[in-house]
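# Structural characterization, general
Below, each chain spelled out in residue letters.
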Amino acid sequence: MSALSAGTVIPAHPLALDSGRKLDPRRQRALTRYYVDAGAGGLAVGVHTTQFEIREAGLYEPVLSLAMETARDWTERPLVMVAGLAGKTAQAVAEARLAASLGYHAGLLSLAAMKGLSADELIEHCRQVAQEIPLIGFYLQPAVGGLPLNADFWRRFSEIDNVVAIKVAPFNRYSTLEVLRGVVDAGAEDRVILYTGNDDHILLDLALPFAIRRGDDDVIMRFRGGLLGHWSVWTKSAVDLHARIRSAVASGVLDSDLLALDARVTDCNSAFFDVANNFKGCIAGCHEVLRRQGLLEGIWCLDPEETLGAGQDAEIDRVYRLHKDLSDDDFVAANLDRWLA
């Protein structure tokens, strides 16, 4: 867990399916090997990018087990293994117990299934899950099923003893600040680590300090790492960028060339996440990049309706032309046969 506290790159692990929409273990292993060799500091499995539907398909335990086994077999380097947790309380608690038994270090808790419940009920739900595994909060953007959550919720969430981090992913500056205010109001800024999940604001989240007022004082908050669907693609480039940002922050010099990359990274995300169609193709778009690299055979999702949005393929073509230097295609090509072996 020291890597989580220090801040690292954690890709949200996709699901490799064959043309029959069944798990493709060979390519699922290849994805895990890719992320490890790209230098990721951890993996998030069973999360939104893995498709929440793995639960109904009976794939939750197999996919979590396969990622853990593959990572352990492929490297001796310690990784932060994060399991996605979802559903009502009984389901989320059972998933947390399973993840802990498999060796996962923390659980990323989605509240999407808890719509309509009061803040008290949401906090009690979180407390029960946190009794089973160290907990990472998840502010999932409403466009893909998340709940609007205010600063008071995040204050109360941050006061739970076994909360270790929050993935801040509302894709909204105002809502992002609500999370930071909640952490500061709880006095938990040294204990609860911030991870960006704002795929539309990755670089600046990681590079800039956030001054949050507590009384008459400023508490300076920083995002230490990212847990991102965007980082499921071009991961070697993401690891290099994260290291460059960390070095710049440590030196106190954020040069304009680095800051200007934020717009280019966000432009790539607009294509990968299908912003033009309100994120309809956000999972399939990442699959398409991995398919082009040869890591996936196709872009199939468990839900046949989940596919590329209108015009998304052309948008991915566009960002490939404009931002080819941000890809890691050469790295993948040099290692693909070994990962698929």
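Quick note: structure is the one above.
Scoring rules and cut-offs
- Residues numbered from 1 in each chain as written.
- Predicted model: local features only at pLDDT ≥ 70, side-chain atom pairs only at ≥ 80, totals over all residues.
- Heavy atoms only, no water.
- Buried < 20%, exposed > 50% of the residue type's maximum accessible area, 1.4 Å probe, protein only.
- Helix = DSSP H or I, 4+ residues; strand = E, 2+ residues; numbered from the N terminus.
- Pairing = 2+ DSSP bridges.
- Right-handed = clockwise from strand over helix to strand, strands pointing away.
- Core = buried A, V, L, I, M, F, W, Y, C linked by side-chain atoms within 4.5 Å.
- Contact = heavy atoms within 4.5 Å.
- Phe/Tyr/Trp six-rings, centres within 6.5 Å; stacked < 30°, edge-to-face > 60°.
- Lys NZ or Arg CZ within 6 Å of the ring centre and 35° of its normal.
- Axes fitted to C-alpha atoms, helices over the stretch in contact; angles between N-to-C directions.
- Parallel < 35°, antiparallel > 145°, perpendicular 65-115°, else oblique.
- Left-handed = near helix turned anticlockwise from the far one by under 90°.
- Nonpolar A, V, L, I, M, F, W, Y, C, P; charged D, E, K, R; others polar.

## Regarding the pairing of strand β5 (residues 135–140)
The side chains of a regular strand alternate, residue by residue, between the two faces of the sheet. Of all six residues making up β5, six are buried, and the element is well covered by its neighbours. Where burial is concerned, the two faces of β5 agree: the one with L135, G137 and Y139 and the one with I136, F138 and L140 are both buried. Relative to β5, strand β4 (residues 106–109) is paired through three bridges, and the arrangement is parallel. By the bridge assignment for β5, G107 is matched with L135. With respect to chirality, the unit in which β4 leads through helix α5 (residues 119–130) into the neighbouring parallel β5 is right-handed. As paired strands, β5 and strand β6 (residues 163–169) are joined by six bridges and run parallel to one another. Paired with F138 across the strands is K167, a residue of β6. Handedness of the crossover joining β5 and β6 through helix α6 (residues 151–158) is recorded here as right-handed.

## Some remarks on the nonpolar core
Burial of nonpolar side chains together is a common tendency in soluble globular proteins. Among the nonpolar cores identified, the biggest contains 106 residues, and Y104, F157 and F272 are the most heavily contacted of them. Once residues within four sequence positions are removed from consideration, F272 is found in contact with H230, V233, W234, G281, C282, G285, C286, V289, Q312, I316 and V319. Within the second largest apolar cluster, 18 residues are counted, among which are I10, V82, L140 and A165.

## Looking at the packing of aromatic side chains
Enumeration over the complete set of coordinates arrives at 13 aromatic pairs. Aromatic pair Y34 and W339: ring centres 5.3 Å apart, planes at 45°, arrangement tilted. Of this pair, Y34 sits in helix α2 (residues 25–38) while W339 is found in helix α13 (residues 329–340), placing the two residues 305 residues apart along the sequence. For the residue pair Y34 and W339, the accessibility class agrees, reading buried in each case. The ring of F331 carries K236 above its face, with NZ or CZ at 6.0 Å from the centroid.

## Points about the packing of helix α10 (residues 256–272) against helix α12 (residues 312–322)
Between α10 and α12, whose axes approach to 8 Å, the crossing angle comes to 155°. In terms of axis orientation, α10 runs roughly antiparallel to α12. For the element pair α10 and α12, the recorded crossing hand is left-handed. Residues R264, D267, C268, S270, A271 and F272 of α10 pack against Q312, E315, I316, R318, V319 and L322 of α12. Residue composition of the contact of α10 with α12, grouped by class: six nonpolar, two polar and four charged.

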